[in-house]
Amino acid sequence: MKLIGSLTSPYVRKIRVMLLEKNLPFDLVIDSPWEPSTHVSDFNPLGKVPALVTDEGETLFDSNILAEYIELLDVAPPHAPKFLPADRAAALRIRQLVMLADGIADAGVAVFLEIKRPVDHQDANWLARQHGKILRGLAALESRASASTWLAGEEMSLADIALGCVLLWLDIRVSTLKWRDDHPALSRLVATLSARPSFQNTIPPA
Ligand SMILES: N[C@@H](CCC(=O)N[C@@H](CS)C(=O)NCC(=O)O)C(=O)O
């Protein structure tokens, strides 16, 4: 299995963490879609990472499709943890939380790209709109995190992995946000996630 992605993307990290947690072997092909020499669009017409080439040679893209695929793999070692429950209604609720975390990542990427522009070219309304999405998303996730051990109850799920990846990415790319100050439950949860070997082994380079 070959995973194509950058070392900084929160969407790619979600899949790397998942594969490490399940102890599934994979080759990471480092490729940033922002570099002129990128080959990402050979794997994903949308030119985004992550993409995955399966052992059978099929190419898949979008982190959530990859997550579904990895959950379906019957080569997973015995007792490999499940991050999406077999129960479809329970899985739908977890996917909803994953989409919230990913939506924060989408808005965070929009902010990151905008604040890279010269200050007099930045669109304040656009930035405020994206910040609103991030702050409302964080508030919704904080209320979930304060109600149980993990975001969706007493078992770690894909929602927790997605959450950890996006909030740790915000620390680096939108560091002015200081999300920990107002979100103690999320802060605790991310500290727990950060201590896991899967997160330790995927820390983005400085
Ligand atoms: N919904 C996609 C989002 C992927 C995404 O936006 N990846 C970013 C990297 S952080 C990217 O490749 N951006 C390049 C572009 O938008 O052209 C997923 O979950 O895989």
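Below or above, wherever it landed, is the structure these notes cover. (Residues numbered from 1 in each chain as written. Predicted model: local features only at pLDDT ≥ 70, side-chain atom pairs only at ≥ 80, totals over all residues. Heavy atoms only, no water.)

### Digging into the nonpolar core
Residues Leu-167 and Leu-170 are the most contacted members of the largest nonpolar core, which totals 60 residues. For this core, the secondary-structure elements that each account for two or more residues are strand 1 (2-5), helix 1 (10-21), strand 3 (51-53), helix 2 (63-72), helix 3 (88-115), helix 4 (124-145), helix 5 (158-173) and helix 6 (184-194). A per-element tally of this core places helix 5 first, with 11 residues. Domain assignment of the residues forming this core places at least three in each of domain 1 (2-72) and domain 2 (88-196). (Core = buried A, V, L, I, M, F, W, Y, C linked by side-chain atoms within 4.5 Å. Buried < 20%, exposed > 50% of the residue type's maximum accessible area, 1.4 Å probe, protein only. Helix = DSSP H or I, 4+ residues; strand = E, 2+ residues; numbered from the N terminus. Domains from an automatic or database assignment.)

### Structural notes on the packing of helix 3 against helix 5
Between helix 3 and helix 5, the least distance of the axes is 8 Å, while the angle of their chain directions is 15 degrees. The angle between helix 3 and helix 5 places the two elements in the roughly parallel class. Our pair here, helix 3 against helix 5, has a crossing hand that is left-handed. Residues Ile-94, Leu-97, Val-98, Ala-101, Asp-102, Ile-104, Ala-105, Gly-108, Val-109, Phe-112 and Ile-115 of helix 3 form the contact with helix 5, whose participating residues are Leu-158, Ala-159, Ala-162, Leu-163, Val-166, Trp-169, Leu-170 and Arg-173. Broken down by class, the residue content of the contact of helix 3 with helix 5 amounts to 16 nonpolar, one polar and two charged. (Axes fitted to C-alpha atoms, helices over the stretch in contact; angles between N-to-C directions. Parallel < 35°, antiparallel > 145°, perpendicular 65-115°, else oblique. Left-handed = near helix turned anticlockwise from the far one by under 90°. Contact = heavy atoms within 4.5 Å. Nonpolar A, V, L, I, M, F, W, Y, C, P; charged D, E, K, R; others polar.)

### A look at empty space enclosed by the protein
Per the counting criterion, the structure on display carries one cavity of 30 Å³ or more. By volume, the largest cavity is sized at about 30 Å³. Forming the walls of the largest cavity are Thr-8, Pro-10, Arg-13, Cys-165, Leu-168, Trp-169, Ile-172 and Pro-204. If you list the elements that add at least two residues to the lining of the largest cavity, you get helix 1 and helix 5. (1 Å grid on protein atoms, 1.4 Å probe; cavity = no way out; pocket = protein on both sides within 12 Å on 5 of 7 lines; lining within 4 Å. Points joined across faces, edges and corners; volume = space filled by probe spheres on them.)

### Some thoughts on the layout of surface pockets
In this structure, the largest pocket occupies an estimated 800 Å³ of space. Ser-9, Tyr-11, Lys-48, Val-49 and Val-109 are the residues nearest the centre of the largest pocket, which is lined by 28 residues in total. Broken down by secondary-structure element, the contributors of at least two residues to the lining of the largest pocket are helix 1, helix 2, helix 3 and helix 5. Broken down by element, the residue count for the lining of the largest pocket peaks at six residues, all from helix 3. Tallied by class, residues from the lining of the largest pocket come to 13 nonpolar, eight polar and seven charged. No fewer than three residues from each of domain 1 (2-72) and domain 2 (88-196) sit in the lining of the largest pocket.

### Quick word on the sheet that holds strand 4 (residues 59-61)
Across a sheet, strands are paired by hydrogen bonds formed along the backbone, either parallel or antiparallel in direction. Spatially, the four strands line up as an open sheet ordered 2-1-3-4, and their pairing is mixed. The strands lining the two open edges of the sheet, one partner per strand, are strand 2 (27-30) and strand 4. Adjacent strand axes in the sheet meet at a mean angle of 25 degrees when their direction is disregarded. Bridging between strand 1 and strand 2 involves four bridges; their strand directions are parallel. Bridge pairing in strand 2 places Gly-5 opposite Ile-30. In the packing of helix 1 onto the sheet, the strands contacted are strand 1 and strand 2, and the crossing angle to strand 1 comes to about 155 degrees. Sheet contacts for helix 2: strand 1, strand 3 and strand 4; angle to strand 4, the most-contacted strand, approximately 125 degrees. (Pairing = 2+ DSSP bridges.)

On their own, these measurements won't tell you what the molecule is for.
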